[in-house]
Amino acid sequence: MTPQPLPSALPLTDRTRHRRLREQGSLARADLDAILDAGFLCHLGVVIDGRPFVVPTVYGRDERWLYVHGSVASRSLAGSTPVCVTATHVDGLVLARSVFEHGVNYRSAVIHGEARTVTDPDEKLEGLRRLTEHATPGQWTYARHPSRKELAATTLLAVSLEEASVKIRTGGPDDGDGPDAELGLWAGTLPLTQVWGAPVPDPLLPPDIPVPAHVARREGTGQG
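This report concerns the structure included in the present document. Predicted model, so just to flag it, every value in this text is computed and none were measured.

1. Brief notes about the overall build of the protein
Counting its regular elements, the protein contains five helices and eleven strands. Referenced to the eigenvectors of the C-alpha coordinate spread, the extents of the protein come out at roughly 70 × 50 × 40 Å. Across the protein, the fraction of contacts at a sequence separation of at least 24, relative to all contacts at a separation of at least 6, is 72%.

See the structure below:
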């Protein structure tokens, strides 16, 4: 049976309700997808033995699931446990006339759900493919695929994308029409961008092996 497409709006739940800065919140599924597609690093939060753990990790996704992976020995990847996954992009600093009004232009997504350990071999391989391709498009078909031993040593978790909170802040300072405007101080934004640099070969790489096209073409392009 073909899965039904997800609704264009994210559901509003007690965990995703925007209680502060509501004007920066979004319920558009397209905004969630855009934030996830713009990066490849997230933070996985989980409670272990009554204490919170937050682990940075790469991710991949399809329309319904966010995939993260790691060693089978990792306690943060135990599965069948509530998790919170965050992805954030910083687009610049907002420098106002007063320190109180300073801020950050950003895009963030917070995903709530129960992590599911992927045990189906086909889904596990597909999840790892999506994770690899999300970080470096073209690398899955270029590099050697994982062996049975490597797959056995790897845990893949899937977190549903059904429950998520999205916030986006753009624009300049908010104090241009207040009393601080009379101070004669500069105010504005300091944009932040990330750009991929030139590929650096492994020192042990034979000199006649060229940089693959899917890696070379990313030089000078933006990230995030």
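The rest of the description comes next.
2. A short note on the state of the cysteines
Within the structure shown, the criterion is met by zero disulfides. As a non-bridged cysteine, C42 has C84 as the owner of its nearest cysteine sulfur, 10 Å distant. Given a relative accessible area of 1%, C42 falls into the buried group.

3. Thoughts on the nonpolar core
Core analysis: the biggest nonpolar cluster contains 23 residues, and L36, V85 and I111 have the highest contact counts within it. Apart from the residues within four sequence positions on either side, I111 is in contact with L36, L66, V83, C84, V85, V159, S160, L161, E163 and A164. Residues V118, L128, W140 and L156 belong to the second largest nonpolar core, which totals six residues.

Calculation criteria
- Residues numbered from 1 in each chain as written.
- Predicted model: local features only at pLDDT ≥ 70, side-chain atom pairs only at ≥ 80, totals over all residues.
- Heavy atoms only, no water.
- Helix = DSSP H or I, 4+ residues; strand = E, 2+ residues; numbered from the N terminus.
- Contact = heavy atoms within 4.5 Å.
- Disulfide = S-S within 2.5 Å.
- Buried < 20%, exposed > 50% of the residue type's maximum accessible area, 1.4 Å probe, protein only.
- Core = buried A, V, L, I, M, F, W, Y, C linked by side-chain atoms within 4.5 Å.

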